[in-house]
Amino acid sequence: MSVAASQRVGVFLILDDGERPPARGGPPGLDLIRSYSSQLPEVVRVSTLPATPRPDPLALASAIRRDTLEAVVLAGANPGALKPAFTRAMDLAGADPARVRLARFRRGDGSDRATEAAQAAVACAVLGVPYHLATIRETRAVHAGTLVIGGGVAGIQAALEIADAGQRVVLVEKTGTLGGHMAMFDKTFPTLDCAACILTPKMVAVGQHEMIEVMTLSEVIGVDGTPGNYRVEIRNRARRVDPAACVACHACMEVCPTIVPSEFDAGIATRKAIFMPFPQAVPNAYLIDAASCVYVQTEGQRCGACVKKCAKQAIDLDAEDEVVLRDVGNIIVATGYEPFPAEQVERYGFRRYPNVLTALEFERLTNASGPTGGRIVMKTKRFNKRRKVEEWVCDPEGPQPASVAIIHCVGSRDRNHNPYCSRVCCMYSLKFAHLVREKLPDARCYEFYIDMRAFGKGYEEFFERIKEEGVAVVRGRSAKVIEKDGRMVVRGEDILGDRMLEYPVDMVLLSVGLQPSPGSADLAALLGIGRDEHGFFRELEYNADPTGTERGGIFVAGVCQGPKDIPDTVAQAAAVAARALRSVVSGIERDSSGGLTAAQVESRARELATQLAAL
Amino acid sequence: MAVRANPRLIDELELYGAEDVQKCYHCGNCSAVCPFSREPFLFPRKSMRYLQMGLEERLAGTLEPWLCYYCGECSEQCPREAEPGETMMSIRRWLTAQYDVTGLSKLFYRSWRAELAAVLLVALLTGAGFLLFGLKYGGGSLGVYAGPGAFLPASSVHVFDWILGGTLAALLAANCARMWWLTTGRDRRVRVPLLDYVTRAFLVPLHFVTQKRYRECESKRPWAVHFALVASYLTMLVLIMLFLESLHAAPANRLAHAFGYLATAGLLGTTLYALRGRWRRATPLHRHSHETDWVFLVLLVYVAATGILQHALYRWFGLDTAANVVYIAHLMGAVPMLAVEVPFSKWSHLAYRPLAMYFADLHERALARAASPAGAQSVPAAA
Ligand SMILES: Cc1cc2nc3c(=O)[nH]c(=O)nc-3n(C[C@H](O)[C@H](O)[C@H](O)COP(=O)(O)OP(=O)(O)OC[C@H]3O[C@@H](n4cnc5c(N)ncnc54)[C@H](O)[C@@H]3O)c2cc1C
Ligand code: SF4
Ligand code: SF4
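Residues numbered from 1 in each chain as written. Chains lettered and ligands numbered in written order. Predicted model: local features only at pLDDT ≥ 70, side-chain atom pairs only at ≥ 80, totals over all residues. Heavy atoms only, no water.

## Some details on the overall build of chain B
- Secondary structure summary: chain B contains 18 helices and zero strands in total.
- Over its C-alpha atoms chain B spans a radius of gyration of 23 Å, differing by no more than 12% from the 21 Å that the globule rule assigns to 383 residues.
- Taking the principal axes of its C-alpha atoms as reference, chain B extends roughly 75 × 45 × 35 Å.
- Excluding contacts between residues fewer than 6 apart, the proportion of contacts in chain B whose partners are at least 24 apart in sequence is 74%.
- For chain B, the exposed area adds up to about 18000 Å²; of that, 66% sits on carbon and sulfur atoms. (Helix = DSSP H or I, 4+ residues; strand = E, 2+ residues; numbered from the N terminus. Rg over C-alpha atoms; globule rule 2.2 N^0.38 Å. Contact = heavy atoms within 4.5 Å. Areas by Shrake-Rupley, 256 points an atom, 1.4 Å probe, with all protein chains shown as cover.)

## Topic: the site of ligand 3
All names here are of chain B.
- Around ligand 3 there are 13 residues in total, and C24, C27, G28, C30 and C78 lie nearest to it.
- Secondary-structure elements contributing two or more residues to the shell around ligand 3 are α2 (29–33) and α3 (45–53).
- A class-by-class count of the residues in the shell around ligand 3 yields eight nonpolar, three polar and two charged. (Near = heavy atom within 4 Å. Nonpolar A, V, L, I, M, F, W, Y, C, P; charged D, E, K, R; others polar.)

## Let's talk about the interface of chain B and chain A
- Across the boundary between the two partners, chain B contributes 25 residues, which contact 25 residues of chain A.
- Summing both partners gives a buried area of about 2200 Å² for chain B against chain A, and 43% of it is carried by carbon and sulfur.
- There are two salt bridges connecting chain B and chain A.
- The partner of E493 of chain A in a salt bridge is R45 of chain B, with the nearest N and O atoms 3.0 Å apart.
- Inspection of the region where chain B meets chain A yields 14 residue pairs in polar contact (both at pLDDT 80 or more). (Buried area = accessible area lost by both parts, 1.4 Å probe. Salt bridge = Lys/Arg side-chain N within 4 Å of Asp/Glu carboxyl O. Polar contact = N/O pair within 3.5 Å; in protein donor to acceptor, adjacent residues only side chain to side chain.)

## Considerations on the sheet that holds strand β4 (residues 100–104) of chain A
Residues and elements named next belong to chain A.
- In spatial order, the strands read β2-β1-β3-β4; together these four strands make up an open sheet with parallel pairing. Two strands close off the open sheet at either side, each with one partner strand: β2 (43–49) and β4. In this sheet, adjacent strand axes meet at a mean angle of 20° when their direction is disregarded.
- Where strand β1 (residues 9–14) lies against β2, six bridges are found, and the strand directions are parallel. Bridge pairing links G10 to R45 in β2. (Pairing = 2+ DSSP bridges. Axes fitted to C-alpha atoms, helices over the stretch in contact; angles between N-to-C directions.)

## Quick word on the side chain of R491 of chain A
- Position of R491 of chain A relative to the elements: it lies in strand β27 (residues 487–494).
- By relative accessible area, R491 of chain A is classed as buried at 10%.
- Of the polar contacts made by the side chain of R491 of chain A, one reaches the side chain of E502 of chain A; its length is 2.9 Å.
- Polar side-chain contacts of R491 of chain A include one of 3.1 Å to the backbone oxygen of S37 of chain B.
- If we ignore the near neighbours within four places in the chain, the residues touching R491 of chain A are S478, A479, K480, M500, L501 and E502 of chain A together with S31, A32, C34 and S37 of chain B. (Buried < 20%, exposed > 50% of the residue type's maximum accessible area, 1.4 Å probe, protein only.)

## Thoughts on the pairing of strand β24 (residues 444–449) of chain A
All names here are of chain A.
- Within β24, five of the six residues are buried, which leaves it mostly tucked inside the rest of the structure.
- Summarising the sheet, strand β23 (residues 403–410) and β24 pair through five bridges and their orientation is parallel. Bridging from a neighbouring strand, I407 pairs with F448 of β24.
- Crossover connection from β23 via helix α12 (residues 425–439) to parallel β24: handedness right-handed.
- Two strands pair when backbone bridges link them, and β24 and strand β25 (residues 472–475) are joined in this way by four bridges, in the parallel orientation. Within β25, the position partnered with E447 by the bridge is V473. (Right-handed = clockwise from strand over helix to strand, strands pointing away.)

## Brief notes about the sheet that holds strand β26 (residues 480–484) of chain A
Residues and elements named next belong to chain A.
- One open sheet holds the three strands; their spatial order is β26-β27-β28, and the pairing between them is antiparallel. The open sheet has two edge strands with one neighbour each: β26 and β28 (499–505). The average undirected angle you get between the axes of adjacent strands in this sheet is 35°.
- Pairing geometry for β27 and β28, over seven bridges, is antiparallel. When the sheet's bridge partners are listed, M488 is paired in β28 with V505.

## Notes on a nonpolar patch on the surface
All names here are of chain B.
- A cluster of nonpolar side chains, contributed by L131, L135, L142 and V325, occupies part of the molecular surface with about 320 Å² of accessible area.
- Tracing the backbone through its elements, the reader meets V325 in helix α17 (residues 320–344).
- For V325, a relative accessible area of 45% puts it in the partly exposed group. (Patch = residues over 30% accessible without salt bridge, like charges linked within 9 Å, V, L, I, M, F, W, Y side chains within 5 Å.)

## Some remarks on the state of the cysteines
- All told, the structure shown has one disulfide over all chains when counted by the stated rule.
- Here C194 of chain A pairs with C197 of chain A through a disulfide, and the sulfurs are 2.2 Å apart. The chirality of the disulfide connecting C194 of chain A with C197 of chain A is right-handed, given an S-S dihedral of about 90°.
- According to the relative accessible area criterion, C194 of chain A is partly exposed, its value standing at 28%.
- The structure places no disulfide on C176 of chain B, whose sulfur is separated from the nearest cysteine sulfur, that of C68 of chain B, by 19 Å.
- Residue classification places C176 of chain B among the buried residues on the basis of a relative accessible area of 13%. (Disulfide = S-S within 2.5 Å.)

## Some remarks on a negative patch on the surface
- On the surface, D316, D318, E320, D321 and E322 of chain A cluster together into a patch of negative charge.
- Its location among the elements puts D316 of chain A in the loop between α10 (305–309) and β17 (322–328). (Lys, Arg positive; Asp, Glu negative; His and termini not counted. Charge placed at Lys NZ, Arg CZ, Asp CG, Glu CD.)

## Regarding the nonpolar core
- I274, I315, L365, V481, V508 and L510 of chain A are the most contacted members of the largest nonpolar core, which totals 115 residues.
- In this structure, L55, A114, V303 and M357 of chain B belong to the second largest nonpolar core, which totals 73 residues. (Core = buried A, V, L, I, M, F, W, Y, C linked by side-chain atoms within 4.5 Å.)

## Observations concerning the domain arrangement of chain B
Residues and elements named next belong to chain B.
- Here the domain parsing of chain B yields domain 1 (9–99) and domain 2 (104–358).
- The gap between the C-alpha centroids of domain 1 and domain 2 is 28 Å.
- With 30 residues of domain 1 at the contact, the number on the domain 2 side is 30 residues.
- Buried area between domain 1 and domain 2, summed over both chains or domains, comes out near 2900 Å², and the portion from carbon and sulfur atoms is 57%.
- Among the residues domain 1 hides against domain 2, the three largest losses belong to W66, Y69 and Y99. Together they make up 26% of the total. (Domains from an automatic or database assignment.)

## Considerations on the packing of aromatic side chains
- Considering all chains together, one arrives at 27 aromatic pairs over all chains under this definition.
- Ring geometry for W180 of chain B versus W181 of chain B: centroids 6.3 Å apart, planes at 50°, classification tilted.
- On the basis of relative accessibility, which here comes to 32%, the residue W180 of chain B falls in the partly exposed class.
- The structure contains a cluster of three or more aromatic residues connected by ring pairs, namely F189, F455 and Y459 of chain A.
- Between the NZ or CZ atom of K467 of chain A and the centre of the ring of F463 of chain A, over which it lies, the distance is 4.3 Å.
- Above the plane of the ring of W223 of chain B lies R215 of chain B, whose end atom (NZ or CZ) is 4.8 Å from the centre. (Phe/Tyr/Trp six-rings, centres within 6.5 Å; stacked < 30°, edge-to-face > 60°. Lys NZ or Arg CZ within 6 Å of the ring centre and 35° of its normal.)

In structure tokens:
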């Protein structure tokens, strides 16, 4: 390899797909990359090209000849696509066609880190030094512990993989129990396995694992240190019930006067201020929700009924939050998602009509261990004597719907809301249709979709099966839920049937999309990792490194990186565990491609270039 | 029947204002939120489809765009920002060009320069013509506005009005006939019995005068403004076509004048309202403006303003010469406005919309009749 410093190099910045050449300034970061490239002594020309249409080799050749370029660097998200044109152009221009080099990077939101990384990639390509060679850091000893943030199925899986390999894990979960969203589900698509049967044993295994320290009601509030050696500050909110002493006898719950909607039941049932999220919760003990507890809210002036009832003296209402420190080598982020707030799409009538339910509400309604024992019922009006108001409740004895409509893509693939596809809604909607047909064989079930995204293993077959089960699958996202003559009516265009439908229904299920967990922005800032344009944590390399982040020793798994189903989540979680174990087992942290400044990378690349030239 | 696709159709429509059609992914949201969309006329999604697929013939035969009043609900709710409402508006422009037998409409819509040039040309011809006429056959002196020896005697102008009116009506009628052929006549799926044509004909004047379908929009205001505009224009038309002489008569005909004042106020008020709306892009209807929309509105305001001025100069200030000059200036706006806009541009919808309601009714009857003996359901299968 000859890397003469006198080489005349042309840098071609290739815009992302669909980006137009900027008149001036341009998208975030681009200008910085351009000015950095042009000040490199080897570079004689920097120009910007759109990704499409592909440039004409003849025109390129004349440009190459004009500037007597000896090498060209194609820089952008997918520079390889233009390589053939440039190779041909170099040939036509009489230059060495082998000297077309690629600098791959993603500008993303134009954060400093992304820009630095892009500049570093350009520098390496200009100097003809492999990026990976120039960005290897001095190896350093790694702390063996791993922090997992988020106790959903992703966090659970990653923690178990690492702990089963004999390494220490600290698992930090925001709520009072492990499990995340999967714990709320009845069945999983497409196999219709019982969700709890898969998840509960894993949750228990985590809870009992000698290598895992579980912290519920906890959040990471500070991160210090470098890849391989992080010191993490964690705030543990007071549980106020000692999990070791609590035997879950429910005595406290019976006397507690406060009734609030249950988060775990997605609001279709209630809980007390002292409660257990669900019977299989891990840790399997009661906890107190400080925000609704009378004692805590009145600063000890009133109530305290539960303390007197507890035979085990497990309750300490005056317990305080505490902050603990943990040293770890790697951090796995698995904070999952929150469902799209359905009330934002007013025309679907969520909260206006009682029997318009969100997907999570329906998961709880149809769940055998849910408030109705899995009986699908319509909400009925009941007078709340204590609060003296009428309210709509899911009475286990209530009437069952004779017709159900399921509306896809609520908040997804919609430029007014989230433009991306949430990936799981089509499939869970089909799952819902199946559950409705199975439990209410006489009920009509309509499914309104835009495109059926049955992309996974066994999914297309599942779709076919649901159609055979007698579900009316309508192509066309229904647009409105209205009331006509006292009945709910779903109005939508049947595109394949070329007609306008107005179906009177008893129940509407809104298939809401997924969006990043609240607090993701703060967590990203805390950890020093990036987020994509929709707020999901950004992976280092979409294809090559979908679990790494810009910061060495910090990884992402599950929906927090982007919408995905359970199998993909579990697979990614296991992959992430392997990444953490790699550095723990080898004892050295070396995959920190981020972190170095462009200037550092450039000077190391120069050193390497002279060494390589001397070979 | 073979269906021919024109892959350039979508580019062509871009010249008429539809820029975002390709973004549509056919969720059907727009058709379902549209207060006017019902079988057998489902829109706007289907029109988006015709465009994407280049089904030129189908598109030329649709009545749907005339059933849309651009309340903008669909554009507001479209998840892809494909602007279905604006697309319907653009198709209306395109259809106007298709119906036009002379081909001038196509020219005007695609190039506002051409439209402007035509307006200016007709204006100059009008000005020159009236000047020459006044000098040669009229009173000969600009100093006399009305009465005997008037520069432009009302009776001559009146004759001219009738000639102009007749010509424009004939042109428009030819376009309407073509519209009938494209949408109804050639369509083999709809067989309309002659009797229906006769018994349902009342729909045309009904919709022409009341524009009652417009009232089905959620907001009643656009209809009210439009109704005021049309009522004012009709009043003006009647006054000019039938009572021009008495308007000009020296002792003012109070009744005719009262109507004239009212109509003028209505005209100015509504056009200024529309201009302001377009300028501020306040409603979806006004968010996108084609160049021809501006030409039309500016002409309207100009004609109304010069009309008032000419009237004021003569009646209130007794300035005959100035009144005559402004009168010619007024005609230089009014004539091209009518000559260009009525048969070839935006104003032609005064005929197409009521006709479309009429044809739509005929289609519906024909389709229902075709469906009923076969026993098929003509109403959507509601569960
Ligand atoms: C209605 C519905 C039905 C579905 N059905 C299926 C199905 O049948 N099959 C299937 O494969 N997929 C299904 N999915 C998708 C499935 O829910 C996800 O793939 C899976 O739950 C993702 O797991 P996760 O661990 O990444 O996220 P989550 O399950 O969201 O877990 C994240 C955890 O992190 C915690 N957390 C969040 N922020 C923090 C923080 N800052 N600090 C500490 N902890 C935090 C949360 O409390 C939560 O416990 C469904 C989704 C929905 C909405
Ligand atoms: S002290 Fe709090 S948790 Fe205990 S009974 Fe009272 S309100 Fe409920
Ligand atoms: S125009 Fe918009 S709302 Fe209508 S079908 Fe297309 S994408 Fe859906």
